[in-house]
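Residue-level structure breakdown
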Amino acid sequence: MRRIHHKFLMTLGIILILFGGFGWSFTYVYDHRPCDNLSGYCDIDFQTGVDKNGRVDSATLTILDYRYSSAKLLPALTMICDDTVFDMEAAVRYTPPSYSIAFFNDKTTLKNTNKLFVEFPHEAFDAILNADVITIQFSYDNGDKISLPLSEPDMDYWRSHLK
């Protein structure tokens, strides 16, 4: 009887170790997902505002990133248009994960939400319109750094809104 109890506890321990390893590796891989462009890594929303004459007078970018890590975005963003660098201050908001099964959402359930909002300076408008490659960089308070280019469809979308 004692031997059966010992085997059961050993089996249970091994299963828990395997589940723990799988859980840690899954969340680590998800938080450090490999992507070749910004919209593949996170949700982005680029918007422009116009003045009373119909000319673009503001451009903003919102980044929404859902992670298992509780790391928070730092309130800064760097945009590199070819060789021109724009360092900007940003507003950030961190929302802890939802644990509600009743209101399950694949983006927010068990994941932390980081939202970054930045307004581009007017000098950046021409650089965006003329750039061959636009790279966006931002960082987390745990040292993670993200540096990804825009995809061609995203660049076309940004340019069409700035014209």
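Structure first, text after, so check above.
Now for a look at the structure at hand. (Residues numbered from 1 in each chain as written. Predicted model: local features only at pLDDT ≥ 70, side-chain atom pairs only at ≥ 80, totals over all residues. Heavy atoms only, no water.)

1. Overview of the overall build of the chain
Per the secondary structure count, the chain includes four helices and eight strands. Counted from the first residue to the last, the chain has its helices and strands arranged as α-α-β-β-β-β-β-β-α-β-β-α. Buried residues in the chain amount to 36% of all 163 residues. Of the roughly 10300 Å² of accessible surface on the chain, 59% is carried by carbon and sulfur atoms. (Helix = DSSP H or I, 4+ residues; strand = E, 2+ residues; numbered from the N terminus. Buried < 20%, exposed > 50% of the residue type's maximum accessible area, 1.4 Å probe, protein only. Areas by Shrake-Rupley, 256 points an atom, 1.4 Å probe, with all protein chains shown as cover.)

2. Things to note about the nonpolar core
Residues Leu 77, Met 79, Phe 120, Ile 134, Ile 136, Phe 138 and Trp 158 are the most contacted members of the largest nonpolar core, which totals 34 residues. Apart from the residues within four sequence positions on either side, Ile 134 is in contact with Met 79, Ile 80, Cys 81, Ile 128, Leu 148, Pro 149, Leu 150 and Met 155. (Core = buried A, V, L, I, M, F, W, Y, C linked by side-chain atoms within 4.5 Å. Contact = heavy atoms within 4.5 Å.)

3. Things to note about the sheet that holds strand β6 (residues 112-119)
Taken in spatial order, the four strands of this open sheet run β1-β2-β6-β5, and their pairing is antiparallel. Edge positions in the open sheet fall to β1 (43-50) and β5 (91-95), since each of these has one partner strand only. Each strand axis lies, on average, 15° off the axis of its neighbour in the sheet, ignoring direction. Sheet topology note: the β1/strand β2 (residues 56-67) ladder contains eight bridges and is antiparallel. Along β2, the bridge assignment pairs Gln 47 with Thr 60. (Pairing = 2+ DSSP bridges. Axes fitted to C-alpha atoms, helices over the stretch in contact; angles between N-to-C directions.)

4. Describing the side chain of Thr 135
For Thr 135, the position within the fold is in strand β7 (residues 134-139). By relative accessible area, Thr 135 is classed as buried at 17%.

5. Section: the pattern of salt bridges
By the definition in use, this model includes three salt bridges. Notably, a salt bridge pairs Arg 55 with Asp 51, separated by 3.6 Å at the nearest N-O pair. A residue is classified by how much of its surface remains accessible, and Arg 55, at 52% relative accessible area, is exposed. Note on Asp 51: relative accessible area 24%, which makes it partly exposed. Each of Asp 65, Arg 67 and Asp 144 takes part in a single network of salt bridges with overlapping partners. (Salt bridge = Lys/Arg side-chain N within 4 Å of Asp/Glu carboxyl O.)

6. Some thoughts on the pairing of strand β8 (residues 145-149)
The alternating pattern of β8 places Ile 146 and Leu 148 on a buried face, while none of Lys 145, Ser 147 and Pro 149, on the opposite face, is buried. Across five bridges, the pairing between β7 and β8 is antiparallel. The partner of Phe 138 across the bridge, within β8, is Ile 146.

7. Considering the sheet that holds β7
Within a sheet, adjacent strands bond to each other through the backbone by hydrogen bonds, running parallel or antiparallel. Read from one edge of the open sheet, four strands run β4-β3-β7-β8, paired in antiparallel fashion. Whereas interior strands pair on both sides, the edge strands pair on one side only; in this sheet they are β4 (84-89) and β8. Adjacent strand axes in the sheet meet at a mean angle of 15°, parallel and antiparallel pairs treated alike. Packing against the sheet, helix α3 (residues 123-130) makes contact with β3 (76-81), β4 and β7, and its axis sits at approximately 45° to β3.

8. As for the environment of Leu 73
Within the secondary structure, Leu 73 sits in the loop between β2 and β3. Leu 73 gets classed as buried once you look at its relative accessible area, which sits at 5%. In sequence terms Leu 73 and Tyr 140 are 67 residues apart; their C-alpha atoms lie 4.3 Å from each other. Setting aside chain neighbours within four positions, we find Leu 73 in contact with Val 92, Asn 114, Lys 115, Leu 116, Phe 138, Ser 139 and Tyr 140.

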